[in-house]
Amino acid sequence: MTNPLKNKKIVFLDLDGTIYLGDNLIPGAKEFLKSLASRGIHAYFLSNNSSRSKLDYVKKLSRLGINATSENIILSTDGVIDFLNRNKVKDTYIVGTRSMMDMFEKAGINPCSDSPEYVVLGFDTELVYEKLKKAALFLLEGIPLLATHPDLVCPTPEGPIPDIGAMLSLFEKATGKKAQKIFGKPNTEMVRHIMKKHQAASREVVMVGDRIYTDMELANRLKCDFFLVLSGETSAEEAARLKKKPAVVAENIGKILP
């Protein structure tokens, strides 16, 4: 097997289902990251999971023995905040966790407005019915909906659990409203600024992840290599049915390198 990282400058790494599952580091993840560092390849962690802040991710990775800073963690929430700031939006109603709300407040955006300009849907692991009720009523009033990412499920050690994609279906059924804009993977705007920073062409970039419709789709849109790991959402049977094959298919991230 040849080295699939030859001539690469950047590796974008999914987190949930790729680097860890729940609170457990996936076998070989730490060794893979050390290999990137030894080759001078820049590693960036990407997550559509908007239930946590960047600091939460830094702390979690540290507990798992992985050094990371806020600068090399890219969240779907970043794109939403940037969009709202560019459009000078200060009032929102967020269906999301306290950590997500903290990120908005630090950016000068009210996450609990009674007169929101947008309803923002995040991966809310602290969900109560009152949040769904208020958000649905705002949508029925004509307030537009934004979603941090499109993932249908979130992988956990116990099995996949409902994520934003499932909740978007709930709101559509209840109100007839769809999201005006969905951020995170597979939108290329999530990582284009990183490629520009390192002057990296598509052929010098790799995306590593466990999902076809977000991770692989992002790689397709970037026209870069995709390494599929089977430690999260996608099964070996699903991988075998793909018409366009990933550059690498591996049991887990530790099995990618020869």
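Since the model is a prediction, treat every value here as computed from it, not as a measurement. (Residues numbered from 1 in each chain as written. Predicted model: local features only at pLDDT ≥ 70, side-chain atom pairs only at ≥ 80, totals over all residues. Heavy atoms only, no water.)

Participant: Explain the packing of helix H3 (residues 76–86) against helix H4 (residues 98–106) to me, please; I cannot follow it from the model alone.
Facilitator: Angle between the axes and distance between the axes are the two parameters that describe a pair of packed helices. At a minimum axis separation of 10 Å, H3 and H4 run at an interaxial angle of 35 degrees. By crossing handedness, the relation of H3 to H4 is classed as right-handed. Each of Thr 77, Asp 78, Val 80, Ile 81 and Leu 84 in H3 lies in contact with H4, whose residues at this interface are Met 100, Met 103 and Phe 104. In terms of residue class, the contact of H3 with H4 is made up of 6 nonpolar, 1 polar and 1 charged. (Axes fitted to C-alpha atoms, helices over the stretch in contact; angles between N-to-C directions. Helix = DSSP H or I, 4+ residues; strand = E, 2+ residues; numbered from the N terminus. Left-handed = near helix turned anticlockwise from the far one by under 90°. Contact = heavy atoms within 4.5 Å. Nonpolar A, V, L, I, M, F, W, Y, C, P; charged D, E, K, R; others polar.)

Participant: When you look at the sheet that holds strand S8 (residues 145–147) in this model, what are you seeing that I'm missing?
Facilitator: Adjacent strands of a sheet form backbone hydrogen bonds with each other and so pair up, either parallel or antiparallel. If you trace the 4 strands from one edge of the open sheet to the other, you get S6-S7-S8-S11, paired in parallel fashion. Strand pairing shows two members of the sheet lacking a second neighbour, strand S6 (92–95) and strand S11 (181–182), which therefore form its edges. Along the sheet, helix H6 (residues 164–175) makes contact with S6, strand S7 (118–121), S8 and S11, crossing S7 at roughly 140 degrees. (Pairing = 2+ DSSP bridges.)

Participant: For this particular structure, what's the right way to read the packing of aromatic side chains?
Facilitator: Here a ring pair, both rings aromatic, is described through the centre-centre distance and the interplanar angle of the planes. Scanning the model with the defined rule gives 4 aromatic pairs in all. Between Phe 83 and Tyr 118, the ring centres sit 5.9 Å apart and the planes meet at 75 degrees, which makes this aromatic pair edge-to-face. With Phe 83 in helix H3 and Tyr 118 in strand S7, this pair connects stretches of sequence that are 35 residues apart. Both residues of the pair, Phe 83 and Tyr 118, belong to the buried class. (Phe/Tyr/Trp six-rings, centres within 6.5 Å; stacked < 30°, edge-to-face > 60°. Buried < 20%, exposed > 50% of the residue type's maximum accessible area, 1.4 Å probe, protein only.)

Participant: Looking at this structure, how should I read helix H5 (residues 129–140)?
Facilitator: Along an α-helix, residues three or four apart share an orientation, since each turn contains 3.6 residues. Along its 12 residues, H5 runs 17 Å from first to last C-alpha, staying within 8% of the 16 Å computed at 1.5 Å per residue. If you check which residues of H5 are buried, you get Lys 131, Leu 132, Ala 135, Ala 136, Phe 138 and Leu 139. Seen end-on, H5 carries its buried residues on one side only, within an arc spanning 160 degrees. For H5, the exposed residues set more than 90 degrees away from the buried face come down to Tyr 129 and Leu 140. Following H5 by one or two positions, Gly 142 has its phi on the positive side, about 100 degrees. (Expected span 1.5 Å × (residues − 1). Arc of directions from axis to C-beta.)

Participant: Sorry, what's going on with the sheet that holds strand S4 (residues 42–47) here?
Facilitator: The 6 strands are arranged S5-S4-S1-S12-S13-S14 in an open sheet whose pairing can be described as parallel. Edge positions in the sheet fall to strand S5 (73–75) and strand S14 (248–250), since each has one partner strand and no second. Going from strand to strand, the sheet's axes swing by 20 degrees on average, the running direction of each strand aside. Of the strands in this sheet, strand S1 (10–14), S4, strand S12 (205–209) and strand S13 (225–229) are in contact with helix H8 (residues 212–222), which crosses S13 at around 155 degrees.

Participant: Even after reading the chapter, I still don't get H3, so can you show me in this structure?
Facilitator: Within H3, burial applies to Ser 76, Thr 77, Val 80, Ile 81, Phe 83 and Leu 84. Take H3 and look down its axis: the buried residues cluster within an arc of 160 degrees, on one side only. Positioned one or two residues after H3, Lys 88 has a phi angle of 55 degrees, which is positive.

Participant: Looking at this structure, I do not really get the pairing of S13. What am I missing?
Facilitator: Taken residue by residue, a regular strand's side chains alternate between the two faces of the sheet. The element S13 is largely enclosed, with a buried count of 4 among its 5 residues. Across 4 bridges, the pairing between S12 and S13 is parallel. Looking across to S13, one finds that Val 206 is bridged to Asp 225. A crossover links S12 with its parallel partner S13, the connecting element being H8, and its sense is right-handed. Alignment of S13 against S14, held across 3 bridges, turns out to be parallel. Residue Phe 227 lies in a different strand from S14, and its bridge partner there is Val 248. (Right-handed = clockwise from strand over helix to strand, strands pointing away.)

Participant: What's the story with the environment of Arg 192 in this structure? I'm lost.
Facilitator: Tracing the backbone through its elements, the reader meets Arg 192 in helix H7 (residues 192–197). Residue classification places Arg 192 among the partly exposed positions, given a relative accessible area of 38%. Sequence spacing of Arg 192 and Val 11 is 181 residues, and the spatial spacing of their C-alpha atoms is 13 Å. Those residues in contact with Arg 192 that lie beyond four places of it in its chain are Arg 221 and Leu 222.

Participant: What is the right way to look at the packing of H5 against H6 in this model?
Facilitator: For the pair H5 and H6, interaxial distance at closest approach is 10 Å and the crossing angle is 55 degrees. When the interaxial angle is binned, H5 and H6 end up oblique. When you trace H5 past H6, the crossing you get is right-handed. Contact residues: Leu 132, Ala 135, Ala 136, Leu 139 and Leu 140 in H5; Met 167, Leu 170, Phe 171 and Thr 175 in H6. Along the lines of polarity and charge, the residues of the contact of H5 with H6 split into 8 nonpolar, 1 polar and no charged. (Parallel < 35°, antiparallel > 145°, perpendicular 65-115°, else oblique.)

It is worth stressing that arrangement in space is one thing and function is another; only the former is reported here.
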